[in-house]
Amino acid sequence: MHSLKFLPGPRLMVRWYPMPDWAEVSERAHQFLFEDIEMDAAATLADVFGLMRVCPPLRDVFGVNFAHELFAEAEKGPLPARDEERKDAIEYLELYSQWHFNSATKTYGSVHKLSLHGVGPLLVEDAPDYGKKAGERIQWSVSTTPLRKLLALPVRVNPSVSVYEDDLDARAYGAELYQVALEAVTLGQILHGLVGELSFHGAPSEVEEFVASLKKEMEEIDAGTAPLISGDDLFDGMNRPACEALFDNIGSYPVAEISRAVREIEDNDNVVEALARALGEGVVVKPPYRDLTGRSFRTAFRDASGDLLDQAIPPA
């Protein structure tokens with residue numbers, strides 16, 4: 001049973017056995033950060049910052065996530081949406097969880113973190129540009145949306161959790177493995193998820209600077225004045241040392257194509273046989289690596305690239 005209820009107002013209510021009734025504890029909300037909570041469907045982002053007004057210590061607890069600056073911005077009040085924004089309107093804000101599971105080490109990650117996005121209304125027709133069909137909803141990033149445009153939106157929690165492969169060298173890296181459900185989340189998770197996403201690019205003033213910089217870059221790209229680096233050029237620079245270390249010959253193939261072929265090998269397939277099927281006999285693996293499986297070869301390939309974090313290329 002949930003110990004807390006978050007109601008519009010804001011009102012933070014608590015009830016523990018054998019308490020017969022709910023009692024309000026809004027002014028000392030910081031004492032209940034680790035209690036399971038139920039969000040009322042009508043509670044808004046403005047109510048969340050209202051709780052920080054009623055309970056100032058919350059701003060210090062989440063100060064590293066710019067809670068003081070976010071609170072000051074929220075105190076200015078909500079901004080109405082312009083007419084041209086209504087077609088892409090966000091119906092509510094949703095906190096959700098995505099867990100990572102490393103099948104090699106049997107470890108889970110990100111199990112306490114809640115992420116945030118905006119959820120649009122039910123579509124009355126397909127939206128192929130977003131990969132959505134009629135009856136589904138589009139999820140929108142809100143990390144660059146002005147805070148005051150979000151204040152009037154309800155805050156909800158999605159109990160469904162997608163679990164993704166986190167083994168960098170598995171062929172399924174980045175793919176969804178299965179789904180589970182959250183029994184409950186805590187008040188601390190709610191607040192951390194909200195302020196963490198809303199301050200992803202810093203304080204509100206820094207978000208404005210980031211958006212202006214991004215807009216300028218897009219204008220330069222549209223005008224053809226921005227220097228462009230292709231994905232193949234990027235992978236070439238990162239993975240050429242691995243190709244030199246693990247292959248005697250890669251034929252006429254560019255490094256990026258070799259890298260993609262390595263990524264596509266099944267975990268337990270022999271690397272030489274798999275690459276021969278994909279690229280032909282002209283690609284020659286060096287003798288020490290010819291008996292490796294796809295997963296083991298990817299580990300060696302990534303180690304030879306010299307970057308243990310960024311060399312895994314998720315499947316297209």
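Heads up: these notes are all about the structure in this document.

Procedures and definitions
- As a convention, each chain's residues are numbered from 1 in the sequence order in which they are written.
- At least 70 in pLDDT is required for a residue's local features to be given in this predicted model, at least 80 for side-chain atom pairs to be given and counted, and no such filter applies to totals for whole chains, interfaces and linings, which use all residues.
- The basis for every side-chain value is the complete set of heavy atoms in the structure, and neither hydrogens nor water enter the calculation.
- Helix numbers and strand numbers start at the N terminus; a helix is a DSSP run of H or I with at least 4 residues, a strand a run of E with at least 2.
- Residue exposure (1.4 Å probe, protein chains only): buried if accessible area is under 20% of the type maximum, exposed if over 50%, otherwise partly exposed.
- Note on definitions: a residue-residue contact is assigned when non-hydrogen atoms from the two residues lie within 4.5 Å.
- Reported accessibility uses the Shrake-Rupley method at a 1.4 Å probe radius. Residues are deemed covered only where the shown protein chains occlude them.
- Polar contact criterion, stated in full: a pair of N or O atoms within 3.5 Å, where within protein one must be able to donate a hydrogen and the other to accept it, and residues adjacent in sequence count only if both atoms are side-chain atoms.
- Only the six-membered ring of Trp is used, alongside the rings of Phe and Tyr, when aromatic pairs are assigned; centres must lie within 6.5 Å, and planes under 30 degrees apart are stacked while those over 60 apart are edge-to-face, with the rest tilted.
- Both a distance and an angle decide whether a charge sits over a ring: NZ of Lys or CZ of Arg must be within 6 Å of the ring centre and within 35 degrees of the ring normal.
- A pair of strands is labelled paired if DSSP reports no fewer than 2 bridges between them.
- By definition, a salt bridge exists where a carboxyl oxygen of Asp or Glu is found within 4 Å of a side-chain nitrogen of Lys or Arg.
- Residues enter patches when they are more than 30% accessible in relative terms and free of salt bridges; like-charged ones are connected within 9 Å and nonpolar ones (Val, Leu, Ile, Met, Phe, Trp, Tyr) within 5 Å.
- This count recognises Lys and Arg as positive and Asp and Glu as negative, with His and chain-terminal groups excluded.
- Every charge is mapped onto a representative atom, which is NZ of Lys, CZ of Arg, CG of Asp or CD of Glu.
- Note on terminology: a nonpolar core comprises buried Ala, Val, Leu, Ile, Met, Phe, Trp, Tyr and Cys residues joined through side-chain atoms within 4.5 Å.
- The span you would expect from a helix comes to 1.5 Å times its residue count less one.

Glancing now at the overall build of the chain. If you tally the helices and strands in the chain, you get nine helices and 13 strands. Relative to its full complement of 316 residues, the chain shows a buried share of 38%. Within the chain, counting contacts between residues at least 6 apart in sequence, those at least 24 apart form 64% of the total. When the accessible surface of the chain is totalled, it reaches about 17500 Å², and 53% of it is carbon and sulfur.

Attention now goes to the side chain of R148. Along the chain, the position of R148 falls in the loop between β8 (139–140) and β9 (155–165). Within the structure, R148 has its side chain in polar contact with the backbone oxygen of K76 (distance 3.3 Å).

Moving on, we come to the packing of aromatic side chains. By the definition in use, this model includes six aromatic pairs. Ring pairing ties together the aromatic residues W99, F101 and Y108, which thus form one cluster. The positively charged end of R59 is found above the aromatic ring belonging to F71, 3.8 Å away from the centroid. One residue, R156, lies across the ring of Y92, its end atom 4.6 Å from the ring centre.

The mixed open sheet is built from five strands, whose spatial order is β3-β2-β1-β4-β11. With one partner strand each, in any of the chains shown, β3 (23–24) and β11 (185–186) form the two edges of the open sheet.

Enumeration according to the criterion identifies 11 salt bridges in this entry. Each of R171, E264 and E266 takes part in one network of salt bridges that share partners.

What follows is about the environment of C243. With respect to the helices and strands, C243 occurs in helix α6 (residues 231–246). As for C243 and A304, which are separated by 61 residues in sequence, their C-alpha atoms are 8.3 Å apart. The contacts of C243, once residues within four sequence positions are left out, are I250, V255, I258 and F301.

On the surface, a cluster of negative charge is contributed by E69, E206, E208 and E209. Of the residues forming the negative patch, the biggest block, three residues, is contributed by helix α5 (residues 204–223).

Looking now at the nonpolar core. Within the largest apolar cluster, 49 residues are counted, with the highest numbers of intra-cluster contacts made by L12, I37, L45, F49, L58 and L187. Only β1 (4–7), β2 (11–14), β4 (36–39), α1 (45–54), α3 (67–74), β5 (92–102), β9 and α4 (187–198) provide two or more residues apiece to this core. In this structure, L12 is in contact with L4, K5, F6, A23, E24, V25, S26, A29, I37, L51 and L187, ignoring residues within four places of it in sequence. Membership of the second largest hydrophobic core comes to 19 residues, among which are A242, L246, F247 and I250.

A word on α4. Taking 1.5 Å of rise per residue, 12 residues should cover 16 Å, and α4 covers 17 Å from first to last C-alpha, within 8% of that figure. Burial analysis of α4 places 10 of its 12 residues in the buried class, the great majority of the element. For α4, the full list of buried residues reads L187, G188, Q189, I190, L191, G193, L194, V195, E197 and L198.

To continue, consider the side chain of S162. Assignment of secondary structure puts S162 in strand β9. A polar contact of 2.7 Å, which involves the side chain of S162, links it to the side chain of E176. In this structure S162 touches S97, Q98, W99, E176, Y178 and Q179, once residues within four positions along its chain are discounted.

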